[in-house]
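Residues per chain, in single letters:
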Amino acid sequence: MTPAPSLSEPARILVIIAAAVIVLAGMKAAAPILGPLVFSVFLAVIFGMLLHWFERKGLSPTGALILTLALFLAIIAVFVVVIAGSFFQLLAELPTYQDELEGSLELAGPLLLMVGIDPASLSLSDLAGSLAANAGGLLSSLWDLVTAILLVILTTVFLLFEARGFSAKIRIVLEERRPDDLPRFTTLAQKNVDYIIIRTQVNLVVGIGTTIILALIGVEYAIFWGFLAFLLGFVPYIGFWLAVIPPVLLAWFGLGPVPALMALAGVSVLNLLAEYVMFPHIAGRGLDLSPAVVFISLIFWGWILGGVGVLLAVPLTLAVQMTCEMFDETQWIGILLGPSPGGKSREDTR
């Protein structure tokens with residue numbers, strides 16, 4: 001019996017690309033379900049590390065699980081009561097901020113005309129009317145959001161129940177099928193988990209610091225803006241600006257230009273210290289990814305999974321890189337996703 005002819009290198013690359021296209025098309029089609037599930041895995045990793053930390057401190061497995069679940073549900077309760085309450089209160093006061101913005105646009109009208117911008121085109125009246133006309137669609141979107149949040153909560157709880165057993169299952173499978181790759185898988189997986197944990201710690205500092213700075217200046221809904229800064233901290237490069245612009249504008253309309261500039265300066269300094277001092281110090285190295293790949297991953301995963309993809313673009317790309325590095329046939333993809341060879345070598349950064 002003659003052996004089947006092996007594929008040439010170009011043919012193997014085409015097969016890999018075709019398979020990736022099929023998988024990604026399926027992921028995009030399943031994004032409404034897959035997105036919350038991926039976010040649940042992300043939360044389970046974070047709280048799973050907390051679970052293991054409680055066990056190392058001497059708690060029994062059952063006690064550590066109960067305490068971890070209690071903290072998880074408490075955080076969700078705080079989110080619903082404080083964050084969602086602030087959000088809906090902000091929506092209720094939008095007409096007031098609309099009037100203030102219209103007044104500011106009137107004062108700045110001559111300047112806008114000088115640069116070729118018609119102030120009438122910036123009016124929010126049409127936007128408010130459009131929102132009122134589409135109230136039914138907004139309620140439907142809100143219900144979809146509530147459903148997704150419930151799915152995330154329930155899935156995360158079940159994943160935490162299975163945290164210990166699932167890790168053992170993965171180890172058993174690897175020991176049976178790919179024993180030589182077990183150390184490499186453990187190292188790469190730990191690298192990804194370390195990134196998620198460290199990123200969460202830094203974002204928590206930024207979120208709490210942002211809340212304190214805005215509250216001291218007198219900006220309304222400081223807790224909500226702090227939570228937004230924490231969440232968008234997972235989005236490299238552009239997340240900071242997406243989080244800081246709304247409270248600065250709110251401070252400008254409500255308190256004046258000086259408090260707004262103070263808020264911008266304070267939060268900017270905090271972000272610089274967190275990103276360029278705290279994060280490198282804790283991580284010990286930068287991301288093992290090309291900066292261009294990080295930026296493109298924001299667009300790519302956002303297109304595949306929506307908002308969840310944007311938030312988790314870096315962890316997802318690190319997971320893809322980890323998977324590619326495990327197999328000889330796809331190691332070249334891991335190299336392409338990595339940093340420039342002109343910097344530190346991949347072995348030096350581990």
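Because the structure is a prediction, the values reported are computed rather than measured. Numbering of residues starts from 1 in every chain and runs along the sequence as written. In keeping with the predicted nature of the model, local features appear solely for residues at pLDDT of at least 70, side-chain atom pairs appear and are counted solely at 80 or more, and the whole-chain, interface and lining totals rest on all residues. Excluded from the side-chain calculations are hydrogens and water; all other atoms, namely the structure's heavy atoms, are used.

Mind showing me how you'd approach helix 15 (residues 313-325) here?
Counting from the N terminus, the helices are DSSP H or I runs at least four residues long and the strands are E runs at least two residues long. Given a helix with a known number of residues, its expected span is that number minus one, times 1.5 Å. The end-to-end C-alpha distance of helix 15, which contains 13 residues, comes to 18 Å, matching closely the 18 Å that a straight helix rising 1.5 Å per residue would cover. Summary of the burial criterion: residues with accessible area below 20% of their type's maximum are buried, those above 50% are exposed, and those between are partly exposed, where the area comes from a 1.4 Å probe applied to protein chains only. Counting buried positions along helix 15 gives 10 out of 13 residues, so the element sits mostly inside the fold. Those residues of helix 15 not exposed but buried are Ala313, Val314, Pro315, Leu316, Thr317, Leu318, Gln321, Met322, Cys324 and Glu325.

Help me out: how do you make sense of the packing of aromatic side chains in this one?
Within a pair of aromatic rings, the relevant descriptors are the distance that separates the centres and the angle that separates the planes. Within 6.5 Å between ring centres, the rings of Phe, Tyr and Trp (the latter by its six-membered ring) count as paired, and their orientation is classed by plane angle as stacked under 30 degrees, edge-to-face over 60, tilted in between. On inspection of all chains with the given rule, the structure shows 9 aromatic pairs. On the numbers, 5.3 Å between centres and 90° between planes, the contact of Phe42 with Phe234 is edge-to-face. Here Phe42 is found in helix 2 (residues 31-56), whereas its partner Phe234 is found in the loop between helix 10 (222-232) and helix 11 (239-255), with 192 residues between them in sequence. Like Phe234, Phe42 is buried. Following the ring pairs from residue to residue traces out a cluster consisting of Phe39, Phe42, Phe227, Phe230 and Phe234.

Please clarify how the confidence of the model for the protein should be interpreted in this entry.
Residues shown with low pLDDT carry predicted positions that ought not to be read at fine detail. Residues with a pLDDT of 70 or more make up 75% of the protein, whose mean pLDDT is 76. On a scale of 0 to 100, pLDDT captures the predictor's confidence in every residue. Mean pLDDT across the elements of the protein ranges from a minimum in helix 6 (residues 125-133), with 53, to a maximum in helix 10, with 87. For this analysis, residues touch if any pair of their heavy atoms sits within 4.5 Å. Across residues 344-350, confidence stays below pLDDT 50; counting only partners more than four residues off in sequence or on other chains, it has 11 contacts.

Which parts of the structure should I look at to understand the nonpolar core?
Note that soluble globular proteins tend to have their nonpolar side chains buried in a common cluster. Definition of nonpolar core: a set of buried residues of the types Ala, Val, Leu, Ile, Met, Phe, Trp, Tyr and Cys, connected through side-chain atoms within 4.5 Å. One finds Phe42, Trp225 and Leu312 to be the most contacted residues of the largest nonpolar core, which totals 60 residues. When residues in this core are grouped by element, the largest group, 9 residues, is from helix 2.

In this structure, what is going on with the side chain of Thr211? I would like to understand it.
For Thr211, the location among the structural elements is in helix 9 (residues 182-217). When sequence neighbours within four positions are dropped, the list of residues in contact with Thr211 reads Ala222, Ile223 and Gly226.

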